[in-house]
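What the coordinates show
Spelled out from the first residue to the last, the chains are:
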Amino acid sequence: YKRQQQEASNLLKMSHKMEAIASQIKGSQNQVALMESLNKLTPFLNQQANTISIEKVYTNMNDFQKAMDDLTISAQLIDATMNKNLADENTSTAVDTMMNQMKQELMVELGNELGVAEKPLFTDIKQTNVNTQPVQANKDDDFLANLKKL
């Protein structure tokens, strides 16, 4: 019985060693395949390196970097503007008001086309002034007053 356990243990150790050797062999084969691919590619890379102007590559890289910087700055400006607009509490109410106005204008146009301008087509849509803050009215009055002064 003891001998069978020792043989089983020895076989288990041998199987682990064989697995380790198999993984080493597979790794070596992969490295050989990689080296063969690199050996095929290297002459083409050398040929391209000899034909490409370093000054042209430098100029292209500088242009690319400038374009990326401009793009990054533009994205930051857009993000800042969007964050400012989304943080504004009146934005959603202004959008609702505009949508209601558009609905009413469409109702009037439909009524004119159908010849029922005096009868409302849609009675469930009513214009509501969602923005009833006195501060906004003051700003509008100031703006209009400034325009008149010009």
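How each quantity is defined
Residues numbered from 1 in each chain as written. Predicted model: local features only at pLDDT ≥ 70, side-chain atom pairs only at ≥ 80, totals over all residues. Heavy atoms only, no water. Helix = DSSP H or I, 4+ residues; strand = E, 2+ residues; numbered from the N terminus. Buried < 20%, exposed > 50% of the residue type's maximum accessible area, 1.4 Å probe, protein only. Areas by Shrake-Rupley, 256 points an atom, 1.4 Å probe, with all protein chains shown as cover. pLDDT = per-residue confidence, 0-100. Contact = heavy atoms within 4.5 Å. Salt bridge = Lys/Arg side-chain N within 4 Å of Asp/Glu carboxyl O.

It is worth spelling out the overall build of the protein chain at this point. Scanning the protein chain for helices and strands turns up four helices and zero strands. Helices and strands in the protein chain line up, N terminus first, as α-α-α-α. Across the 150 residues in the protein chain, those meeting the buried criterion constitute 4%. When the accessible area of the protein chain is evaluated, it comes to approximately 13900 Å², of which 60% is carbon and sulfur surface.

Turning to the confidence of the model for the protein chain, a few remarks are in order. Across the protein chain, the average pLDDT comes to 79, with 70% of residues at 70 or higher. Mean pLDDT values for the elements of the protein chain range from 59 in helix α4 (residues 134-149) up to 91 in helix α1 (residues 2-51). Confidence over residues 130-136 falls short of pLDDT 50; this stretch has six contacts with residues more than four positions distant or in other chains.

Next up on the list: the pattern of salt bridges. Enumeration according to the criterion identifies one salt bridge in this entry. The residue K66 makes a salt bridge to D70 at a minimum N-O spacing of 3.3 Å. Separated by four residues within a single helix, K66 and D70 lie in helix α2 (residues 54-87), roughly one turn from each other.

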